[in-house]
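Close look at the chain arrangement
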Amino acid sequence: MPILPRNSTALCRLVLSANQRAATPFRHSFHSVSWRAAVAHPITAHGPPPKAPSPAPEFGDLSESRREGNQHASEQPAQPSKPSSVLKKRFWKNVDVKRKPDGDYEVMLDTRPIRTPAKDILSIPSTKPQLANAIALEWDVMTSAQQALKNHLIPLTSLASRAADIAQEDARGITTSRDQIVNVAMRYLSTDTLLCWVPEEQQYAVEETDKNGERAESLREAQVRVAKDIIAFLSTKVWPGIDIVPILDTNSILPVSQPQATKDIIKQWVASLHAYDLAALERGIVASKSLLVAVRLVFEWSENFRQLQRPGQKRFGIEEAAEASSLEVKWQTDIWGEVEDTHDVNKEDLKRQLGSVIVVVSGETR
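The rules behind each value
- Residues numbered from 1 in each chain as written.
- Predicted model: local features only at pLDDT ≥ 70, side-chain atom pairs only at ≥ 80, totals over all residues.
- Heavy atoms only, no water.
- Helix = DSSP H or I, 4+ residues; strand = E, 2+ residues; numbered from the N terminus.
- Buried < 20%, exposed > 50% of the residue type's maximum accessible area, 1.4 Å probe, protein only.
- Contact = heavy atoms within 4.5 Å.
- Areas by Shrake-Rupley, 256 points an atom, 1.4 Å probe, with all protein chains shown as cover.
- Phe/Tyr/Trp six-rings, centres within 6.5 Å; stacked < 30°, edge-to-face > 60°.
- Lys NZ or Arg CZ within 6 Å of the ring centre and 35° of its normal.
- Salt bridge = Lys/Arg side-chain N within 4 Å of Asp/Glu carboxyl O.
- 1 Å grid on protein atoms, 1.4 Å probe; cavity = no way out; pocket = protein on both sides within 12 Å on 5 of 7 lines; lining within 4 Å.
- Points joined across faces, edges and corners; volume = space filled by probe spheres on them.
- Nonpolar A, V, L, I, M, F, W, Y, C, P; charged D, E, K, R; others polar.
- Axes fitted to C-alpha atoms, helices over the stretch in contact; angles between N-to-C directions.
- Parallel < 35°, antiparallel > 145°, perpendicular 65-115°, else oblique.
- Polar contact = N/O pair within 3.5 Å; in protein donor to acceptor, adjacent residues only side chain to side chain.
- Pairing = 2+ DSSP bridges.

With that settled, the discussion passes to the overall build of the chain. From N to C terminus, the chain includes 13 helices and three strands. Residue burial in the chain is summarised as follows: out of 366 residues, 34% are buried. Taking the contacts inside the chain whose residues are at least 6 apart along the sequence as the reference set, 63% of them involve residues at least 24 apart. Only carbon and sulfur atoms are counted for the fraction: they give 56% of the accessible area of the chain, which is about 24700 Å².

Here's what the structure looks like:
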């Protein structure tokens, strides 16, 4: 037997007790007390409030320099108020539509005409009295001049100003804005949302059913139905004989380019548009993400294409254009429902922008 050192018995006891504690799970006691509501005691102090704290001695020089700086600042003349304070109130009382001797219209804020961002007086063509009155209504419902800086509150004013600036450039022989809009339109044609179709459904895909238990229209079928109607109209009325092909129609993620003849004809057509039609087309393209949808909307409502329009028939309007440009979202929300304050707001904003396109290009009723 090995010889244990001194105090070995005590050491063995310590090791044994430690092993027992390690084998025994820890136990904690939890104590709780009853909750008591806080009592707010009344303020019983009287007299004046305490004095403001004074700075420490090491910061005395700094306080003196600050006071001197404030004194010099107070001796300087007062700076004029910021322009934002002026814009927070409405500086006009009445809004009127005035007709000039040449027949065009001006929207007057009391005695001051509305001007474009280029500082030119906004002149509305004589054939668009409804546009002048609609712009006057935009300014009449404003409560402050600051609202005029937000384009979503003045969609018609901003669009008419854009058209007026293009008309001014045309009069001076400048094509800067026209070239910019044409380039934007051709880029959107390369990724037109109307021509992007989902691939054919596989055999193992589950078919959706409507509320009546019948087979529902698939997303691809809806895309093809809406797109072919617009393509047929454009290829017969606007660009006769033109060939428009879908951009995405297979499992490939690479878009298919339009034939060069198609791009040349469309580019020439867009570049030759009237100033108001061109500005409206630009907004319609950006809002709908589709050149083809915007072209049909402008063509159906513009006063410059009345000889080619179909009198007495229902025209391609706001609802049709909104559905064609957001077909995927509509198809999904019909199945899963809308997200409040998201899908409904986006839908109404899209209709507002497309509606401004119709008002700007339309003329007097026939």
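Now that the structure has been shown, we can carry on.
One pass over the structure, following the stated rule, counts six aromatic pairs. Note on Phe233 and Phe299: the rings are 5.8 Å apart at their centroids and 75 degrees apart in plane angle, and the pair reads as edge-to-face. Linking Phe233 in helix H7 (residues 219-238) with Phe299 in helix H10 (residues 291-301), this pair joins segments that are 66 residues apart in sequence. Residue classification places Phe233 among the buried residues on the basis of a relative accessible area of 8%. Exposure remark for Phe299: the relative accessible area of 1% places this residue in the buried category. Across the ring face of Phe233, the terminal group of Arg296 is positioned such that the distance to the ring centre comes to 4.3 Å. Its end group placed over the ring of Trp301, Arg315 keeps NZ or CZ at 3.8 Å from the ring centre.

Going through the model one piece at a time under the given rule, you end up with 14 salt bridges. A salt bridge links Arg296 to Asp229; the shortest N-O distance between them is 2.9 Å. With Arg296 in helix H10 and Asp229 in helix H7, this pair connects stretches of sequence that are 67 residues apart. Of the residues examined, Asp229 reaches a relative accessible area of 44% and is grouped as partly exposed. Among the charged side chains, a network of salt bridges with common partners joins Asp229, Arg296, Glu300 and Arg310.

All right, on to the layout of surface pockets then. The computed volume of the largest pocket comes to approximately 560 Å³. Along its surface, the largest pocket is lined by 21 residues, and Ile114, Arg115, Thr116, Pro117 and Trp139 are the ones closest to its centre. Contributions of two or more residues to the lining of the largest pocket are made by strand S3 (112-113) and helix H5 (155-172). At five residues, the largest contribution of residues to the lining of the largest pocket is made by H5. Across the lining of the largest pocket, the residue classes break down as eleven nonpolar, five polar and five charged. What the second largest pocket holds in volume is close to 480 Å³.

Moving on, we get to empty space enclosed by the protein. Under the definition given, this model contains one cavity of 30 Å³ or more. As a volume, the largest cavity reaches approximately 50 Å³. Around the largest cavity, the lining residues are Thr193, Leu194, Cys196, Trp197, Gln223, Val226, Ala324, Leu327 and Glu328. Listed by contribution, the elements that provide at least two residues to the lining of the largest cavity are H7 and helix H12 (327-336).

As a packed pair, H5 and helix H6 (residues 176-190) sit with axes 8 Å apart at the nearest point and diverge in direction by 120 degrees. Between H5 and H6, the angle is such that the two are oblique. Taking contact as the criterion, the partners of Arg162, Ile166, Glu169 and Asp170 in H5 are, on H6, Thr176, Ser177, Arg178, Gln180 and Ile181. Of the residues that constitute the contact of H5 with H6, the class distribution is two nonpolar, three polar and four charged.

With respect to burial, H10 is a largely interior element, ten of its eleven residues being buried. Inspection of H10 places Leu291, Leu292, Val293, Ala294, Val295, Arg296, Leu297, Val298, Phe299 and Glu300 among the buried residues, and these make up the whole buried set. Residues of H10 that are buried sit in contact with H6, H7, helix H8 (260-271), helix H9 (275-288), helix H11 (318-325) and helix H13 (343-361). Where H10 begins, one side-chain oxygen reaches toward the backbone nitrogen of Leu292, 3.4 Å away; that side chain belongs to Ser290.

All right, on to the sheet that holds strand S1 (residues 95-99) then. Strand order in the open sheet formed by three strands is S1-S2-S3, with antiparallel pairing between adjacent strands. At either end of the open sheet lies a strand with only one pairing partner, and these are S1 and S3. The sheet contact formed by strand S2 (residues 105-109) and S3 spans two bridges and is antiparallel. The partner of Leu109 across the bridge, within S3, is Arg112.

Read these as geometric descriptors, not functional statements.
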